[in-house]
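Topology and contacts: notes
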Amino acid sequence: MRSFVVFTRTCLAGAVLAVVATGAWAGEADSAKTDDTSSLIDLFRDGVRAYYRGDKAIAVDKLSKAAENDHTMAQWKLGRMYANGDGVDEDDLKAFEYFSRVANAHVDEAPSSPQAPFVADALIELGDYYVTGIKDSAIKPNVERARNLYTYAASYFGNAQAQYRLGRMYLETDANDRDPRLAARWLKLSAEKGNPDAQAMLGDLLFFGDDLPRRPVTGLMWLTIARRSATDTDSEWIRERQEKAFARASDDERKRATQLADTWLGHNSRTN
C-alpha cells in the first residue's frame, strides 16, 4: 500500500470535490473516444459523488468508464483507489498503470494549472513503486528512476512531498550518492511549504549536526514548528525528536527557537 502525508492527501481530496462542484477540466476528454463529452463529464462527477457517499462499487464503475476515455482525474482517482485498496482489491500494477497514464499524458502540464498537483502526485507514486518494485512484475526496484521522477515533480511542479522524498533519499541512500547538503536544500524547500516531516527532518539535521555544521537554534525552531503542525498520524517520531533536542538545548537556545517558531507559524499558517 502506498502512503502519502495527511496534509497533501487532504488538499488533493478537496481539489477533487472542487472539480465536481465547478466542472473544472470539462474539456479534457478525448473527443476521438466519445461522441458525448457531456456524458463523460457526468460519468466522472457521478463517480466522485458515489465515492464520497460511500458507494465504492458504483464509483469504480463510473470512474473506469471515464478513465477509458482518457479522463485524467478519473485515472488519478482510480490509481489512488487501487494503490490503497480503497473500495477495490489492492492492485499495485493497476495503480501503476493509471498513474503512468496520467504522467505520460500530462508531464508537461503547466505548474499553475488545476491538474498539476495530481500529475505531480502521479509522478511521486510512480517513484515510490520504483523504490520498492512491484512483486511478481516487470517493475523492479530502480532508485535512479525513482530519483528522476521525484526530481521532476520537485523541481518542475515544486511539489513539497517530492522535495521531502528527495531530501530523505539523499540522506538514506548508499555512501556514493549520499549528500546531506543537497538533502537539506530539498528538505528546506518542503519545510517552507508546511510539510511537518520535512520540517522535523531538517530540524534534526541542523540541531544535532551529525552531517552538517550544527545550527541548534534553527534546528530546534524547525522541530518545534513540525511538532505544532503535525497531525496525530505523524506526530510520535516528531514529538520524540523535538523533545530530545529541547532537552539538550540551552535556555537561551530554547527561548530563541520558540520565538522564531512563533513568528514563522504566525506568517505561514497552513491550510488543509
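None of the values given here were measured: they were computed from a predicted structure.

Analysis parameters
- Residues numbered from 1 in each chain as written.
- Predicted model: local features only at pLDDT ≥ 70, side-chain atom pairs only at ≥ 80, totals over all residues.
- Heavy atoms only, no water.
- Core = buried A, V, L, I, M, F, W, Y, C linked by side-chain atoms within 4.5 Å.
- Buried < 20%, exposed > 50% of the residue type's maximum accessible area, 1.4 Å probe, protein only.
- Helix = DSSP H or I, 4+ residues; strand = E, 2+ residues; numbered from the N terminus.
- Contact = heavy atoms within 4.5 Å.
- Phe/Tyr/Trp six-rings, centres within 6.5 Å; stacked < 30°, edge-to-face > 60°.
- Expected span 1.5 Å × (residues − 1).
- Polar contact = N/O pair within 3.5 Å; in protein donor to acceptor, adjacent residues only side chain to side chain.

All right, on to the nonpolar core then. Counting 77 residues, the largest nonpolar core has Phe99, Leu187 and Trp222 as its most contacted members. With 10 residues, helix H6 (residues 116-132) is the single largest residue contributor to this core. Residues within four places of Trp222 in sequence aside, it is in contact with Ala191, Glu192, Gln199, Ala200, Leu202, Gly203, Leu206 and Trp264.

Attention now moves to the packing of aromatic side chains. In this description, an aromatic ring pair is defined by two values, namely the gap between the centres and the angle between the planes. Taken as a whole and assessed by the stated rule, the structure comprises 10 aromatic pairs. Each ring, one from Tyr82 and one from Tyr98, has its centre 6.1 Å from the other, and the planes form 15°; the classification is stacked. Linking Tyr82 in helix H4 (residues 72-84) with Tyr98 in helix H5 (residues 92-106), this pair joins segments that are 16 residues apart in sequence. For Tyr98, a relative accessible area of 9% corresponds to the buried category. The interplanar angle of 70° and the centroid separation of 6.0 Å between the aromatic rings of Tyr152 and Phe157 together place this pair among those described as edge-to-face. A residue is classified by how much of its surface remains accessible, and Tyr152, at 25% relative accessible area, is partly exposed. By way of ring pairs, the aromatic residues Phe96, Tyr129 and Tyr130 are connected into one cluster.

An ideal rise of 1.5 Å per residue puts 18 Å on 13 residues; helix H10 (residues 196-208) measures up with 18 Å between its terminal C-alpha atoms. The element H10 is largely enclosed, with a buried count of 12 among its 13 residues. Every buried residue of H10 is accounted for by Pro196, Asp197, Ala198, Gln199, Ala200, Met201, Leu202, Gly203, Leu205, Leu206, Phe207 and Phe208. Its side-chain oxygen placed 3.0 Å from the backbone nitrogen of Asp197, Asn195 serves as the N-cap of H10.

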